[in-house]
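Residue-level structure breakdown
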Amino acid sequence: MPPFEKKDNNLYKQAGTDPDLDIDWRSVDTVEGANAVFSHPEISSRAIVATADGHQITEDQGLTWTVLPAGRVDQLGVVQSVSFDPANTDTFYVGSTTRGVWKTTDNGKTLTQIGSKASGMADDNALRNVHYDGNRVLLVLHGEAAPGISRTTDGGKTWKIVHLDYHVNYIYSGDPSGQGLFIAASPVSDPYAACLYVAPSLMEPWQELGRDVQCTGFAGPRI
């Protein structure tokens, strides 16, 4: 870690420079209204950007971007999450704010809806998609939109809602088997208490590690 110096009001500022943060940035003029960027965990040149109009893909580290015709907002709703299948290069899952979860097996050329409230999910707002248990399980988190985690073990044919006592925002595991989870969630009984939990696995009891912890993400080994 770089050295830090204390400023007023208990704030800290980095002292000096950090080579890891010394990065040249350039504007991508061809992409407008970008909301989020999702990089492929195995293919460093590939990434997807969600925009106000849909989503676009790059295969050359952002030098050029291609609009995915199957990713229009009028079809999917606003895209807020993309998760790549670690076992299948051209398969990824898209979470929408209003129309559930969609799947592609041809790198975004076509998309098929595999999850919605009508098909058994807790809500149509798919905040995040998480691959779990060696990629055999897909979890959909709904945040404040609905309590519980929507869980499918058969690619979206059937869904089960678990942990209905929590509004879940993040789930993270550094173990490929899905053992040892960190969960950022709020109890339904106390929705303003942002908490961090740990659990040996998804269906085992959660232990509270901290309260009033506004978790914005996790970093570490990939699932």
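The structure under discussion appears in the preceding block.
Quick look at the structure, then. (Residues numbered from 1 in each chain as written. Predicted model: local features only at pLDDT ≥ 70, side-chain atom pairs only at ≥ 80, totals over all residues. Heavy atoms only, no water.)

**A word on the environment of asparagine 135**
On the secondary structure map, asparagine 135 appears in the loop between β11 (128-132) and β12 (137-141). What makes asparagine 135 partly exposed here is its relative accessible area of 25%. Spatially, the C-alpha atoms of asparagine 135 and aspartate 85 are 7.5 Å apart, while their sequence positions differ by 50 residues. Contact partners of asparagine 135, with chain neighbours within four places excluded, come to Asp85, Pro86 and Ala87. (Helix = DSSP H or I, 4+ residues; strand = E, 2+ residues; numbered from the N terminus. Buried < 20%, exposed > 50% of the residue type's maximum accessible area, 1.4 Å probe, protein only. Contact = heavy atoms within 4.5 Å.)

**Quick notes on the environment of isoleucine 161**
Looking at the element boundaries, isoleucine 161 is found in strand β14 (residues 160-162). Accessibility expressed as a relative area gives 30% for isoleucine 161, which makes it partly exposed. Placed 22 residues apart in sequence, isoleucine 161 and leucine 139 show a C-alpha to C-alpha distance of 9.5 Å. In this view, isoleucine 161 contacts Gly120, Met121, Ala122, Pro147, Gly148, Ile149 and Ser150; residues no more than four positions away in its chain are not counted.

**Topic: unusual backbone geometry**
Note: most residues except glycine have negative phi, and most peptide bonds are trans. Positive phi, normally seen in glycine, also occurs at glutamine 61, with a value near 60°. Relative to the elements of secondary structure, glutamine 61 occurs in the loop between β5 (54-58) and β6 (66-67). One non-glycine residue with positive phi stands out, namely aspartate 212, at about 60°. Along the chain, aspartate 212 turns up in the segment after β18 (207-211).

**Side note on the nonpolar core**
With 19 residues, the main nonpolar core has Leu139, Ile149, Val168, Ile171, Ile183 and Trp206 as its most contacted residues. Secondary-structure elements contributing two or more residues to this core are β11, β12, β15 (166-173), β16 (181-187) and β17 (195-199). When residues no more than four places from it in sequence are discounted, the contact partners of isoleucine 171 are Val130, Leu139, Leu141, Ile149, Leu181, Phe182, Ile183 and Leu202. Listed in part, the 14 residues of the second largest apolar core include Ile48, Leu68, Val79 and Val94. (Core = buried A, V, L, I, M, F, W, Y, C linked by side-chain atoms within 4.5 Å.)

**Comments concerning the packing of aromatic side chains**
Scanning the entire structure with this criterion turns up four aromatic pairs. Ring centres 5.2 Å apart and planes at 75° place the aromatic pair tyrosine 166 and tyrosine 197 in the edge-to-face group. Residue tyrosine 166 is found in strand β15, and its partner tyrosine 197 is found in strand β17; the two are separated by 31 residues along the sequence. With a centroid separation of 5.7 Å and an interplanar angle of 50°, the aromatic rings of tyrosine 197 and tryptophan 206 are classed as tilted. Look at tyrosine 197 and you get buried, because its relative accessible area is 3%. With a relative accessible area of 12%, tryptophan 206 lands in the buried category. The rings of Tyr166, Tyr197 and Trp206 are connected pair by pair, giving a single aromatic cluster. Of note, arginine 128 hangs over the ring of tyrosine 170, and the distance from its end group to the ring centre comes to 3.7 Å. (Phe/Tyr/Trp six-rings, centres within 6.5 Å; stacked < 30°, edge-to-face > 60°. Lys NZ or Arg CZ within 6 Å of the ring centre and 35° of its normal.)

Shape is all these values report; function is a separate question.
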